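Overview (structure and organization)
One letter stands for each residue in the lines below.
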Amino acid sequence: MEALISAVLGDIVSRAVSAVVEKCRKQTTAKEDLQRLHHLLLRISAVVEEAEGRWVSNRGMIRQVSMMIKQMFKGYYLLDSFKCIEKKTDDEEVSWSSFAPSVFNPDKRFRLLSRNTEIDSLVIGRDNSKELKRVVLSLEQMVDDMKDFAILLMSYPRLTHQPYGAYLYLDKYMFGRQMEREQAISFLLQAEPLVGRNLGVLPIVGPRLIGKSTLVEHVCNDERVRNHFSMILFYGGNDLKDETAMTFRDQCLIKHQNTASGEERSLVVIELLGDVDEGAWKKLLQTSEICMVRGSKIIITSRSEKMVRVGTTEAIKLRCLSKEAYWYFFKMLVFGSTDPEEHLKLTSIAMEIALEMCGSFMFAYVAATLLRANPSARFWCRVLKQTREFTQNYNFALGEYHEDHMSRYGSGAETQRGYEDGELFLIHHSHQIGPDAQSEVPRITMVNLLSGTWSPMARGKFEVLCWRSLIPPYYSYMYSCEVLHNKNTRPESQR
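Being a predicted model, the structure only gives us computed values, none of them experimental.

Criteria and cut-off values
Residues numbered from 1 in each chain as written. Predicted model: local features only at pLDDT ≥ 70, side-chain atom pairs only at ≥ 80, totals over all residues. Heavy atoms only, no water. pLDDT = per-residue confidence, 0-100. Contact = heavy atoms within 4.5 Å. Helix = DSSP H or I, 4+ residues; strand = E, 2+ residues; numbered from the N terminus. Phe/Tyr/Trp six-rings, centres within 6.5 Å; stacked < 30°, edge-to-face > 60°. Buried < 20%, exposed > 50% of the residue type's maximum accessible area, 1.4 Å probe, protein only. Lys NZ or Arg CZ within 6 Å of the ring centre and 35° of its normal. Axes fitted to C-alpha atoms, helices over the stretch in contact; angles between N-to-C directions. Parallel < 35°, antiparallel > 145°, perpendicular 65-115°, else oblique. Left-handed = near helix turned anticlockwise from the far one by under 90°. Expected span 1.5 Å × (residues − 1). Pairing = 2+ DSSP bridges.

1. Here we look at the confidence of the model for the chain
Averaged over every residue, the pLDDT of the chain is 77; residues scoring 70 or more account for 72%. Residue range residues 163-168 is modelled with pLDDT below 50. Its contacts to residues more than four positions away, or to other chains, number 13 contacts. In the model, residues 406-420 has pLDDT below 50 throughout and makes 50 contacts with residues more than four positions away in sequence or in other chains.

Structure follows, in structure tokens:
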């Protein structure tokens with residue numbers, strides 16, 4: 001009896017001590033929580049990088065990696081936001097006591113541009129400290145749960161090359177679509193059921209320039225996919241309405257042919273702009289099921305979400321990156337291997353620029369090139385001002401994709417010379433060309449126009465290179481532009 005009482009008392013004391021320790025652990029300062037958050041993110045990043053370097057086929061583990069990546073992006077966004085607010089608060093206290101108010105003071109200009117923004121809403125107070133603590137506790141639980149996951153991860157083979165491992169080469173790998181890539185590859189390698197259709201169809205839908213072609217190209221270049229299919233065909237017509245089985249095959253481009261494969265499975269990639277005629281699609285599908293052997297697959301991409309209905313599996317819907325993921329991407333483009341903590345004022349301005357760009361990959365590359373060339377707070381504030389005016393003029397909101405509007409609206413933005421000369425830079429429409437037509441790429445770039453480094457400046461309408469992609473399919477993206485010298489003159493579409 002005494003032993004039982006002693007055991008019960010010991011358990012009560014142990015629980016009480018644990019509760020006190022847990023309470024003390026939770027009573028930490030914001031600075032301590034930021035340090036813990038930083039260490040947790042480093043551990044999660046290491047596991048994510050290891051997972052991206054292995055052939056993980058289990059869907060449950062793929063979803064778990066996706067969750068880790070999402071939480072990692074949120075954690076880094078919160079970490080950078082808190083540090084920038086701390087730095088900004090310190091600078092404002094110094095500037096009020098040490099500087100006279102002046103429109104030429106970069107610190108004051110920075111404060112004016114940053115007022116009433118989403119980042120400013122993260123003022124460190126009681127509520128946000130609680131949010132920081134909540135995130136830290138959540139990530140600690142995730143790290144504890146990662147132990148078994150890491151052991152299972154080691155059982156999967158390594159990739160022959162690791163395209164996601166080195167963040168120093170961010171412009172040379174596909175960012176933010178790893179899980180969609182694995183979802184598509186898993187579908188392609190999956191055996192078709194013996195009963196029913198013998199031809200699987202995967203729709204991939206999303207706005208223009210969101211990365212549909214890039215995703216498909218990376219999937220088709222995967223070694224597992226190339227070994228699985230004897231032939232990969234590509235069709236790039238606008239629709240299928242007038243196509244017969246014979247003309248469709250003639251219009252297809254052979255992207256890959258595996259003569260060593262004993263199988264006759266084929267993969268057909270169909271790239272459409274919009275919806276497809278229901279009758280034409282059914283006719284083509286019926287013919288394909290007769291002509292193509294069991295195990296063959298079709299990937300069909302389109303801007304129209306109506307194409308989801310043609311799939312035999314869950315469609316992949318590409319969306320803008322979350323603001324946290326986009327900031328991680330943009331930060332790496334701008335700062336590279338440089339530690340952003342060494343330039344917190346510039347980091348704060350860059351965060352606001354990233355929020356204004358609404359998830360556009362091309363805008364990110366152009367802005368990053370401009371910012372890297374001139375690492376001064378005054379110039380970065382000017383880029384922020386231009387970007388903010390652009391989004392306000394055309395009523396963009398977070399989650400809207402810029403390039404979806406570019407074809408409908410002329411886009412005005414003052415060049416660097418425009419502040420002195422009153423020039424207005426207008427974008428009329430955009431188009432892209434493949435690597436086989438590189439001779440058509442103009443010498444003048446968007447960065448040249450915005451920085452005023454091209455001399456002599458072009459007059460009237462002309463084409464500029466916005467961005468040349470360094471990853472498959474190696475497209476070059478160009479805009480038809482115009483420089484007007486009367487800043488009060490605007491096209492009718494903008495009046």
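2. Thoughts on unusual backbone geometry
Looking along the chain, the bond that leaves Pro472 and enters Pro473 is cis, with omega of 10 degrees. Position of Pro473 relative to the elements: it lies in the loop between strand 9 (460-468) and strand 10 (476-484). In this structure, Leu209 takes a positive phi of about 65 degrees despite not being glycine. Its location among the elements puts Leu209 in the loop between strand 1 (200-205) and helix 7 (212-220). Not every positive phi belongs to a glycine, and Cys358 is a case in point at roughly 55 degrees. Structurally, the position occupied by Cys358 is in the loop between helix 12 (344-356) and helix 13 (361-373).

3. With respect to the packing of aromatic side chains
In this structure the tally under the stated criterion is 13 aromatic pairs. Aromatic side chains Tyr76 and Tyr328 sit 5.5 Å apart centroid to centroid with 50 degrees between the ring planes, which places their arrangement in the tilted category. Of the two residues, Tyr76 is situated in helix 3 (residues 59-98) and Tyr328 in helix 11 (residues 323-335); the sequence distance between them amounts to 252 residues. Since its relative accessible area comes to 5%, Tyr328 is described here as buried. Plain terms: the ring middles of Phe329 and Tyr365 are 5.7 Å apart, the flat faces sit at 85 degrees to each other, and that makes the pair edge-to-face. With a gap of 36 residues between them, Phe329 in helix 11 and Tyr365 in helix 13 connect regions that are remote in the sequence. Neither residue differs from the other here; Phe329 and Tyr365 are each classed as buried. Grouping aromatic residues by their ring pairs yields a cluster made of Phe73, Tyr76, Phe175, Tyr326, Tyr328, Phe329, Phe361, Tyr365, Trp467, Tyr475 and Tyr477. The ring of Phe234 carries Lys255 above its face, with NZ or CZ at 5.7 Å from the centroid. Just above the ring of Phe187 sits the side chain of Lys297; from NZ or CZ to the centre is 4.5 Å.

4. A word on the packing of helix 11 against helix 12
Where helix 11 contacts helix 12, the two axes come as close as 10 Å, and the packing angle between them is 130 degrees. Here helix 11 lies oblique to helix 12, going by the angle between them. When you trace helix 11 past helix 12, the crossing you get is right-handed. Contact residues: Lys323, Tyr326, Trp327, Phe330 and Phe335 in helix 11; Leu346, Thr347, Ala350, Met351, Ile353, Ala354 and Leu355 in helix 12.

5. Focus on the packing of helix 6 (residues 178-189) against helix 7
Running from N to C, helix 6 and helix 7 cross one another at 50 degrees; their axes reach a closest spacing of 10 Å. One element, helix 6, and the other, helix 7, form an angle in the oblique class. As for the relative orientation of helix 6 and helix 7, their crossing is right-handed in sense. Note on element contacts: helix 7 touches helix 6 through Leu215, His218 and Val219, opposite Glu180, Arg181, Ala184, Ile185 and Leu188.

6. Quick notes on helix 6
Across its 12 residues, helix 6 extends 17 Å between first and last C-alpha, which sits within 8% of the 16 Å expected from 1.5 Å per residue. For helix 6, a buried count of 9 out of 12 residues is recorded, marking the element as mostly surrounded by other parts of the structure. Buried within helix 6 are the following residues: Gln178, Met179, Glu180, Arg181, Glu182, Ala184, Ile185, Phe187 and Leu188.

7. Quick look at the pairing of strand 2 (residues 231-235)
Of all 5 residues making up strand 2, 4 are buried, and the element is well covered by its neighbours. Note that strand 2 and strand 3 (residues 253-257) share 4 bridges and pair antiparallel. Along strand 3, the bridge assignment pairs Ile232 with His256. Pairing between strand 2 and strand 4 (residues 266-271): 5 bridges, direction parallel. Residue pairing in the sheet places Tyr235 in a bridge with Ile270 of strand 4.

8. A short note on the sheet that holds strand 1
The strand order across the open sheet built from 6 strands is 3-2-4-5-1-6, with neighbouring strands paired in mixed fashion. In this open sheet, the two edge strands, each paired with only one partner strand, are strand 3 and strand 6 (316-317). Alignment of strand 1 against strand 5 (residues 297-302), held across 6 bridges, turns out to be parallel. Residue pairing across strands places Pro203 opposite Ile300, the latter belonging to strand 5. Set on the sheet, helix 10 (residues 278-291) makes contact with strand 1, strand 4 and strand 5; between it and strand 5 the angle comes to about 160 degrees.

9. Remarks on the environment of Thr287
Structurally, the position occupied by Thr287 is in helix 10. Exposure remark for Thr287: the relative accessible area of 25% places this residue in the partly exposed category. In this structure the C-alpha to C-alpha distance between Thr287 and Thr244, which are 43 residues apart in sequence, comes to 9.0 Å.

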